[in-house]
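Residue-level listing of the chains:
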Amino acid sequence: MLENAVIITGAAQRVGLALALHLQHNGFQVVATYRSPRKGVEQLQAAGVTCVQADFSSTQGVKTFINWIDDKVKSIRALVHNASDWCAEKGRIDAELLKYMMQIHVEAPYLINLSVEDKLVAASETADIIHITDYTVEKGSDKHIAYCASKAALDNLTLSFAKKFAPKVKVNTIAPSLLMFNQDDDEAYRVKTLKKSVLGIEPGAQEVVEAVAFILKSNYMTGRQLKLDGGRHIAF
Ligand SMILES: NC(=O)C1=CN([C@@H]2O[C@H](COP(=O)(O)OP(=O)(O)OC[C@H]3O[C@@H](n4cnc5c(N)ncnc54)[C@H](OP(=O)(O)O)[C@@H]3O)[C@@H](O)[C@H]2O)C=CC1
Ligand SMILES: Nc1nc2c(c(=O)[nH]1)N=C([C@H](O)[C@@H](O)CO)CN2
């Protein structure tokens, strides 16, 4: 069974992939979830990461992953809830969209956290849970309403689980604004988005890698947020 595992959800691409490879190369035993085979999964496997197929869009999918952890993992050093789907309303009035956003951003972290408390406490040092949210939690979003509400709920889980799991487990939020554009983001969108912060850059996945590294080394931060937003809150 895996000991002191670092579990990262949705780690087959972009931020999760960069984080998983960094931590694996730095001596941690990483477990990465993915939905569909792709180049990133091959990269992770080549680096020695344990890759697990998991889809959190249903309660059964979450429970299947929890059962895998129960069978294969003795203790957990860190649990990073990175898996996410950035869905916009696009004019839809759709209860299913809100349910889906709450399913993957809230129910999955909630059930997984509650189910693995014993394995977090069994780690050889203080363990960490990290919830990756979004800057828009503090401002709202008129285009990603359900997404933003679900990330706000995820941020609130940080407060509850930090209280419930102290002192053996620290629980914190990383709240980014722009990290990485998507391939289909056009030039006009990129220019507009970069102007939203006073630093005006696309920092890339490394910003989250450094933030996670800080939290893992911290002995005194829990129930708090690291806001990685280029000063977006003071831009206007
Ligand atoms: N990129 C950015 O600029 C910003 C990102 N964030 C947050 O940072 C984190 C990382 O961002 P980024 O790398 O862009 O994320 P992605 O949009 O690339 O998604 C990360 C992963 O989530 C997984 N995922 C999506 N839906 C499900 C599901 N139903 N079940 C299981 N896994 C799922 C996907 O795994 P798979 O591909 O294997 O299906 C995907 O690889 C996210 O939480 C995001 O909300 C916040 C602000 C800005
Ligand atoms: N799961 C994801 N969440 C978010 C993404 C993404 O690509 N995947 N991207 C953003 C944007 O970069 C936004 O922060 C700036 O336009 C937000 N969340």
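Note that this is a predicted model, so its numbers are computed, not measured.

**Student:** I tried to follow the overall build of the protein chain on my own but got confused; where do I start?
**Tutor:** Per the secondary structure count, the protein chain includes eight helices and seven strands. For 236 residues, the compact-globule estimate of 2.2 N^0.38 gives 18 Å, and the C-alpha radius of gyration of the protein chain, at 17 Å, lies within 12% of that figure. Each principal axis of the C-alpha distribution contributes one length, and for the protein chain these read about 50 × 40 × 35 Å. For the protein chain, buried positions account for 49% of its 236 residues. The contacts of the protein chain with a sequence gap of at least 6 include a subset with a gap of at least 24, amounting to 71%. Counting every atom, the protein chain has about 11800 Å² of accessible surface; 52% of that belongs to carbon and sulfur. Charge centroids of the protein chain, computed over 27 positive and 26 negative side chains, lie 2 Å from each other.

**Student:** I'm lost on the pattern of salt bridges in this one. Help?
**Tutor:** Opposite charge on two side chains permits pairing when their charged atoms draw close. Inspection of every chain in the model, using the stated rule, returns eight salt bridges. Put simply, Asp 128 and Arg 77 hold a salt bridge, and the shortest N to O gap is 2.8 Å. A residue pair is termed long-range when its members are at least 10 positions apart, and Asp 128 in strand β5 (residues 127-132) and Arg 77 in strand β4 (residues 76-81) qualify at 51 residues. Grouping residues by exposure puts Asp 128 and Arg 77 together as buried. For Asp 128, the salt bridge is made with Lys 170, and the minimal N-O distance between the two is 2.5 Å.

**Student:** Quick question: what am I supposed to make of the packing of aromatic side chains here?
**Tutor:** Between two aromatic rings, the relevant description is the distance of the centres plus the angle of the planes. All chains considered together, the criterion is met by five aromatic pairs. Aromatic pair Phe 65 and Trp 68: ring centres 6.3 Å apart, planes at 10 degrees, arrangement stacked. On the criterion of helical spacing, the pair formed by Phe 65 and Trp 68 is a turn pair, its members being three residues apart in helix α3 (residues 59-72). For the residue pair Phe 65 and Trp 68, the accessibility class agrees, reading buried in each case. Between Tyr 110 and Phe 161 the ring centres are 6.4 Å apart and the planes differ by 65 degrees, which places this aromatic pair in the edge-to-face class. Here Tyr 110, found in helix α4 (residues 95-115), pairs with Phe 161, found in helix α6 (residues 145-165); they are 51 residues apart in sequence, far enough to count as distant. Taken together, the aromatic side chains of Phe 56, Phe 65 and Trp 68 make up a single cluster linked through ring pairs.

**Student:** Would you mind going over the confidence of the model for the protein chain with me for this structure?
**Tutor:** Note: predicted coordinates in regions of low pLDDT should not be interpreted at a detailed level. The share of residues in the protein chain with pLDDT of 70 or more is 100%, and the mean pLDDT across the chain is 98. Prediction confidence for the complex, expressed as pTM and ipTM, is 0.98 and 0.99 respectively.

**Student:** Where do I start with the pairing of strand β1 (residues 5-8) in this structure?
**Tutor:** On a regular strand, one side chain projects to one face of the sheet and the next to the other, so that they alternate. Side chains of β1 alternate between two faces, with Ala 5 and Ile 7 and Val 6 and Ile 8 buried alike. The sheet contact formed by β1 and strand β2 (residues 29-34) spans four bridges and is parallel. Looking at β2, one finds that Ala 5 is bridged to Gln 29. After leaving β1, the chain enters helix α1 (residues 14-25) and then returns to the sheet as β2, a path that is right-handed. Examined bridge by bridge, β1 and β4 share four bridges and lie parallel to one another. Note that in β4 the partner of Val 6 across the bridge is Ala 78.

About the cut-offs
Residues numbered from 1 in each chain as written. Chains lettered and ligands numbered in written order. Predicted model: local features only at pLDDT ≥ 70, side-chain atom pairs only at ≥ 80, totals over all residues. Heavy atoms only, no water. Helix = DSSP H or I, 4+ residues; strand = E, 2+ residues; numbered from the N terminus. Rg over C-alpha atoms; globule rule 2.2 N^0.38 Å. Buried < 20%, exposed > 50% of the residue type's maximum accessible area, 1.4 Å probe, protein only. Contact = heavy atoms within 4.5 Å. Areas by Shrake-Rupley, 256 points an atom, 1.4 Å probe, with all protein chains shown as cover. Lys, Arg positive; Asp, Glu negative; His and termini not counted. Charge placed at Lys NZ, Arg CZ, Asp CG, Glu CD. Salt bridge = Lys/Arg side-chain N within 4 Å of Asp/Glu carboxyl O. Phe/Tyr/Trp six-rings, centres within 6.5 Å; stacked < 30°, edge-to-face > 60°. pLDDT = per-residue confidence, 0-100. Pairing = 2+ DSSP bridges. Right-handed = clockwise from strand over helix to strand, strands pointing away.

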